Number of protein chains: 2
Amino acid sequence: MAYKKDDNFGEWYSEVVVNSEMIEYYDISGCYILRPWAMEIWELLKEFFDAEIKTLKLKPYYFPLFVTENVLQKEKDHIEGFAPEVAWVTKSGKSDLEAPIAIRPTSETVMYPYFSKWIRSHRDLPLKCNQWCNVVRWEFSNPTPFIRSREFLWQEGHTVFATKEEADEEVLQILELYRRIYEEFLAVPVSKGRKSEMEKFAGGLYTTSVEAFIPNTGRGIQGATSHCLGQNFAKMFDITFENEKGERSMVWQNSWAYTTRSIGVMVMTHGDDKGLVLPPKVAPIQVIVIPVPFKDADTTAIKGACESTVYTLNQAGIRADLDARENYSPGWKYSQWEMKGVPLRIEIGPKDLANKQVSIVRRDNGAKVDIPSTDLVEQVRVLLDGIQVNLLETAKQKRDACIAPVSTWGEFTAALNDKKLILAPWCDEEEVEKDVKARTKGELGAAKTLCTPFDQPDLPSGTVCFASGKPATKWSFWGRSY
Amino acid sequence: MAYKKDDNFGEWYSEVVVNSEMIEYYDISGCYILRPWAMEIWELLKEFFDAEIKTLKLKPYYFPLFVTENVLQKEKDHIEGFAPEVAWVTKSGKSDLEAPIAIRPTSETVMYPYFSKWIRSHRDLPLKCNQWCNVVRWEFSNPTPFIRSREFLWQEGHTVFATKEEADEEVLQILELYRRIYEEFLAVPVSKGRKSEMEKFAGGLYTTSVEAFIPNTGRGIQGATSHCLGQNFAKMFDITFENEKGERSMVWQNSWAYTTRSIGVMVMTHGDDKGLVLPPKVAPIQVIVIPVPFKDADTTAIKGACESTVYTLNQAGIRADLDARENYSPGWKYSQWEMKGVPLRIEIGPKDLANKQVSIVRRDNGAKVDIPSTDLVEQVRVLLDGIQVNLLETAKQKRDACIAPVSTWGEFTAALNDKKLILAPWCDEEEVEKDVKARTKGELGAAKTLCTPFDQPDLPSGTVCFASGKPATKWSFWGRSY
């Protein structure tokens, strides 16, 4: 690693994602190649999430990549939000198309004309669609692997209900799944909360999100969003149903998504100057076994012990692999697997063979222990669980250390300069958020609301907004963001 | 169903895929919405295939949707094959892009510049990539759901080897997996064989395929292809490695794919005038349970028996579901689930309750049997297996009945008019294939080679080509195709 995380975070991040073989830069700016080390993580997350939403009776769909201009523009606020980033196909072969066709930046306008067709009666509700696909947002600001790319992979759920209560309930069910993806799988602490009116999904009623924070850059990052769209799209796309009394009613809708960005947040959170650090639950390889054949050692016996170690772990459902390459030294291999962030390294040399043990090194804290081969599976499980817990705990401590409650504008700007995750009492007025943005504009980007966390500290009566001096109605997280 | 399969096949097919809720037509011609009844089949096929290729050490990748003009045009034969169908992005938001960007019609040119970068030594080989993604081919001929669409889903495998032997071996390993998808899962008989020089993959060395046949239209249909690319792309993209002797060598490459077309071939093969007929292995619901509460029956007890039947089947790993809707009659439900092609219907009425039995109806042949509840799981398994076997066997008989061996031009044209799958001795000269195409041109499309089957009938010496009169070197399948 040429760069250090604390010295040059941006270069460090690029180096980690490339050297760990997660990402290859592509010759179109803002597009990246996802290599197996990233895709296998994506598949593990998908496996969890897809199973969970299937228990919620979500069904798999695949809607087209393309949408006509006419349909795309049906919901005005929505298209205003996305228009500048839409990629347009205008030619096929050497011929011009009759009309330009957009590539989906998200699929509300692709899907909802058909929801209108499919939904007739209350018996057709709820309708619950999910698709795993690629979307394209042709952004011009700083492309960053995983975090901000012109094409990315995601799941998008689109659901339709007869009542607002059902929609509200699902918004939070899904948000909880997103929290679990971040906290249980990626070991990244997030705050659940609600977005401000300015920051909510274009065209929706309200947006909830899980928000992470990157201490090194002092930036918040939206982890995933679960939107209640209310009845706005239903009006535009005429999605109604005959209710049980035989009257026409308008539906309530949600949409929600998480993307490959989640992998980038995980890299930024846990990585160190040796490279990636992967939480065991998402590590494609959880244990790498490396033979350490000192001179004159019985290399055949060592290799045999390594193979049987891998076999035993695999049989127990642990993702273990053997690095038996003969053209690399053990030391070189240690570095490479540290770079790739594998949670545990097992070394087996002549002494281990003699003592019927293996030597295990943790990636997260470098701790080394010898364990008897007979306890292998049990001890490895304990260690993997311990690493998973430790990564989240450590990340939480670092994140929490960045939280700065402020009450005045002076404290606010000081905390912003200090790269804090700012928790401020706010009057919840859009004009005030605009004003804060305008007053903090600069090279590093303006401050904005990240979310109003569901977990609200006490707000003593008489507390005033840090920016407007008006009565505060809530605590909100503020800061710069990705 | 308004149309009959034998009377108006095209309309029948559209009606089946729409009414069974596999497909919804989309407002961009040639693009279709894949609904859960199609996507769940796609997921079942994917689950099988992905697990198989993982045992062959294929790794998951995701390469970008976009490719620059420059790279796309690097392999001339290849781009000539695809150029007329390439969709071009030329604008983002309101701005023109600096240069047009193509949407992948396939990913050889997207991937191979990076293969060149990643492969240095024989130790980097084999390299085995697979991705599940969408591709776009903006065709203008007859769009048909699943069969010919402008966007479709597929897997594409791209592999790189040090030797031709390894590449050759893998071509056939993958082809065998494709045969299993068609024959074991979709119950569609296919012929394995090799494509002619004219029909092979643009830029490749040779192409193997599994070919199906649709008796109703008398057309062959390419089921999936496994290509050996030889060293042609390696030359264009400079993919070389240092071999064990320290010399630069050029790699050997394969690429292979199957698409959502496979679902359409299955629909065409098994569907009947009542709708879809699904092979049990890919049916999202294998058994639908319908309560039949005649007047005065104990509806609670019937519903209870239905629920416990579904529960018992689900516990045994059988995909069973209950249709408990009260606003539809049993007869209406029978029709709907027949339309959707569910392999087995279980009816439970008062008599069944009294006799501790269920009544089971097969979708494939309408046969009805009563079975004691105690034998439920075992008998359902036997029936599902029987349907799977029967569908393939029936389809094979129908396909085989269409095979017409010919030896003269007169027999050939007669068989072509008769919608046969023509097996003809051929001299294997490209000029002759071109000539046959020219001489059979017409409203229904020209005849061409489908494949040269690996399973070759005896070719007595002195046999001459049906078209040129020159010595024949092989038997090939000829016909019109999709």
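Residues numbered from 1 in each chain as written. Chains lettered and ligands numbered in written order. Predicted model: local features only at pLDDT ≥ 70, side-chain atom pairs only at ≥ 80, totals over all residues. Heavy atoms only, no water.

Below, the discussion takes up the relation of the copies chain B and chain A. Relative to chain A, chain B is turned by 180 degrees and slid 0.0 Å along the rotation axis, the superposed coordinates differing by an RMSD of 0.0 Å. On this basis, the relationship between the two copies can be described by a two-fold rotation axis. Taking the C-alpha atom as reference, chain B places Val89 of chain B closest to the rotation axis, 2.1 Å from it. Take the interface residues of chain B: 100% of them recur as interface residues in chain A, which is what a same-surface contact looks like. (Least-squares fit on C-alpha atoms with pLDDT ≥ 70 in both. Contact = heavy atoms within 4.5 Å.)

This part is about helix α1 (residues 9-19) of chain A. Residue and element names in this part refer to chain A. Within α1, the full set of buried residues consists of Phe9, Trp12, Tyr13, Glu15, Val16 and Val17. Summarising the contacts, the buried residues of α1 are in contact with β1 (23-25), β10 (206-214) and α8 (261-270). Immediately beyond the C-terminal end of α1, within one or two residues, lies Glu21, with a positive phi of roughly 65 degrees. (Buried < 20%, exposed > 50% of the residue type's maximum accessible area, 1.4 Å probe, protein only. Helix = DSSP H or I, 4+ residues; strand = E, 2+ residues; numbered from the N terminus.)

Of the residues lining the interface, 54 residues belong to chain B; the matching set on chain A comes to 54 residues. Both sides of the chain B and chain A interface together cover about 4800 Å² of buried area, and 60% of this is carbon and sulfur. A salt bridge links Lys54 of chain A to Glu43 of chain B, with the shortest nitrogen-to-oxygen separation between them at 2.7 Å. At the junction of chain B and chain A, the tally comes to 30 residue pairs in polar contact (both at pLDDT 80 or more). Per element, the largest residue contribution to the side of chain B that touches chain A is seven residues, and it comes from helix α2 (residues 36-55) of chain B. (Buried area = accessible area lost by both parts, 1.4 Å probe. Salt bridge = Lys/Arg side-chain N within 4 Å of Asp/Glu carboxyl O. Polar contact = N/O pair within 3.5 Å; in protein donor to acceptor, adjacent residues only side chain to side chain.)

Attention shifts here to the packing of α2 of chain B against helix α6 (residues 164-185) of chain B. All names here are of chain B. Here α2 crosses α6 at 155 degrees, and the two axes come no closer than 11 Å. Classified by the angle between their axes, α2 and α6 sit roughly antiparallel to one another. When you trace α2 past α6, the crossing you get is right-handed. Facing α2, whose interface residues are Leu45, Phe48, Phe49, Glu52 and Ile53, α6 presents Ile174, Leu177, Tyr178, Arg180, Ile181 and Phe185. Of the residues in the contact of α2 with α6, the class split is nine nonpolar, no polar and two charged. (Axes fitted to C-alpha atoms, helices over the stretch in contact; angles between N-to-C directions. Parallel < 35°, antiparallel > 145°, perpendicular 65-115°, else oblique. Left-handed = near helix turned anticlockwise from the far one by under 90°. Nonpolar A, V, L, I, M, F, W, Y, C, P; charged D, E, K, R; others polar.)

A few words on the nonpolar core. Counting residues in hydrophobic clusters, the biggest one holds 84 residues, and the most contacted among them are Phe66, Ile103 and Phe115 of chain A together with Phe66, Ile103 and Phe115 of chain B. Setting aside residues no more than four positions away along its own chain, Phe115 of chain B makes contact with Phe63, Leu127, Cys129, His158, Val160, Ile239 and Gln253 of chain B. (Core = buried A, V, L, I, M, F, W, Y, C linked by side-chain atoms within 4.5 Å.)

Let's shift gears to the pairing of strand β5 (residues 87-92) of chain B. Among the six residues in β5 of chain B, five count as buried, and that is most of the element. Sheet topology note: the strand β5 (residues 87-92) of chain A/β5 of chain B ladder contains five bridges and is antiparallel. Paired with Ser92 of chain A across the strands is Ala87 of chain B, a residue of β5 of chain B. Joining the antiparallel neighbours β5 of chain B and strand β6 (residues 95-103) of chain B is a turn of two residues, in which Gly93 of chain B adopts a positive phi near 55 degrees. (Pairing = 2+ DSSP bridges.)

All names here are of chain B. Scanning all chains against the criterion turns up zero disulfides over all chains. With no disulfide of its own, Cys465 lies 3.8 Å from the sulfur of Cys427, the closest cysteine sulfur. For Cys465, a relative accessible area of 2% puts it in the buried group. (Disulfide = S-S within 2.5 Å.)

Moving residue by residue along a regular strand, the side chains alternate between the two faces of the sheet. Residue and element names in this part refer to chain B. Counting buried positions over the five residues of strand β15 (residues 287-291) gives five, a clear majority of the element. Alternating positions in β15 separate into two faces, Val287, Val289 and Pro291 on one and Ile288 and Ile290 on the other, with burial throughout. Relative to strand β16 (residues 320-322), β15 runs parallel, the two being bridged by three bridges. Its bridge partner being in β16, Val287 is matched across the sheet by Ala320. Each parallel crossover has a hand, and the one from β15 via helix α9 (residues 299-315) to β16 is right-handed. In terms of strand pairing, β15 meets strand β17 (residues 344-348) through five bridges, oriented parallel. Looking at β17, one finds that Pro291 is bridged to Ile348. (Right-handed = clockwise from strand over helix to strand, strands pointing away.)

Moving on: the sheet that holds strand β6 (residues 95-103) of chain A. The strand order across the open sheet built from six strands is β4(A)-β6(A)-β5(A)-β5(B)-β6(B)-β4(B), with neighbouring strands paired in antiparallel fashion. Two strands close off the open sheet at either side, each with one partner strand: β4 (66-68) of chain A together with β4 (66-68) of chain B. The sheet shows a mean angle of 45 degrees between the axes of neighbouring strands, direction not considered.

Further remarks concern the packing of helix α2 (residues 36-55) of chain A against α8 of chain A. All names here are of chain A. It is the contact of α2 with α8, at a shortest axis distance of 10 Å, that shows an interaxial angle of 110 degrees. Comparing the axis directions of α2 and α8 gives the class roughly perpendicular. Here the hand of the crossing between α2 and α8 comes out right-handed. Across from Ala38, Ile41, Trp42 and Leu45 in α2, the residues of α8 making contact are Ser262, Ile263 and Met266. By residue class, the composition of the contact of α2 with α8 is six nonpolar, one polar and no charged.

The next point concerns the sheet that holds strand β15 (residues 287-291) of chain A. Residues and elements named next belong to chain A. Pairing within the open sheet is mixed, and its five strands lie in the order β16-β15-β17-β18-β19. Of all the strands in the sheet, the pair left with one neighbour each is β16 (320-322) and β19 (368-372). The sheet shows a mean angle of 25 degrees between the axes of neighbouring strands, direction not considered. Bridging between strand β18 (residues 357-362) and β19 involves five bridges; their strand directions are antiparallel. Note that in β19 the partner of Val358 across the bridge is Ile371. Across the sheet, helix α10 (residues 330-339) touches β15 and β17 (344-348), and the angle it forms with β15 is around 170 degrees.

Residue and element names in this part refer to chain B. One can find Glu183 in helix α6. A polar contact is formed between the side chain of Glu183 and the backbone nitrogen of Val190, at a distance of 2.9 Å. Not counting the four nearest positions on each side in its chain, Glu183 is found in contact with Val188, Pro189, Val190 and Leu392.

Residue and element names in this part refer to chain B. Summed over all chains, the structure comprises 64 salt bridges over all chains. Across the pair Arg35 and Glu24 runs a salt bridge whose closest N-O atoms are separated by 3.7 Å. On the criterion of sequence distance, the pair formed by Arg35 in the loop between β2 (32-34) and α2 and Glu24 in strand β1 (residues 23-25) is long-range, its members being 11 residues apart. Each member of the pair Arg35 and Glu24 is classed as buried. Among the salt bridges present, the one from Arg399 reaches Asp400, with a minimum N-O distance of 2.9 Å.

Moving on, we come to helix α12 (residues 376-402) of chain B. Look at α12 of chain B: 39 Å from first C-alpha to last across 27 residues, which is about the 39 Å you get at 1.5 Å a residue. The complete set of buried residues in α12 of chain B reads Leu376, Val377, Val380, Leu383, Leu384, Ile387, Gln388, Leu391, Leu392, Ala395, Arg399 and Cys402 of chain B. (Expected span 1.5 Å × (residues − 1).)

All right, on to the confidence of the model for chain A then. With 100% of its residues at a pLDDT of at least 70, chain A reaches an overall mean of 96. Scoring the predicted complex yields pTM 0.97 and, for the interface, ipTM 0.97. (pLDDT = per-residue confidence, 0-100.)

Next up on the list: the packing of aromatic side chains. Applying the stated criterion across every chain, the model contains 64 aromatic pairs over all chains. Arranged with centres 5.7 Å apart and planes meeting at 20 degrees, the rings of Tyr61 of chain B and Phe63 of chain B form a pair that is stacked. For Tyr61 of chain B, a relative accessible area of 6% translates into the label buried. An aromatic cluster of at least three residues, connected via ring pairs, comprises Tyr26 of chain A together with Tyr61, Phe63, Tyr112, Tyr114, Phe115, Trp118, Phe233 and Phe237 of chain B. Looking at Arg439 of chain A, its charged tip hangs above the ring of Trp409 of chain A, at a distance of 3.8 Å from the centre. A cation sits over an aromatic face here: Arg345 of chain B above Tyr334 of chain B, 3.9 Å from the ring centre. (Phe/Tyr/Trp six-rings, centres within 6.5 Å; stacked < 30°, edge-to-face > 60°. Lys NZ or Arg CZ within 6 Å of the ring centre and 35° of its normal.)

Here we take up the side chain of Thr90 of chain B. Mapped onto the elements of the fold, Thr90 of chain B is located in strand β5. Setting aside residues up to four positions removed in sequence, Thr90 of chain B forms contacts with Trp88, Thr90 and Lys91 of chain A together with Ser95, Asp96, Leu97 and Pro100 of chain B.

Residues and elements named next belong to chain A. At the junction of Leu125 and Pro126, the peptide bond is cis and its omega measures out at -10 degrees in the coordinates. Residue position: Pro126 is located in the loop between α5 (108-118) and β7 (127-136). Even without being a glycine, Glu21 presents a positive backbone phi close to 65 degrees. Looking at the secondary structure, you find Glu21 in the loop between α1 and β1. At Lys356, a residue that is not glycine, the phi angle is positive and equals roughly 50 degrees. The topology assignment puts Lys356 in the loop between α11 (350-355) and β18.

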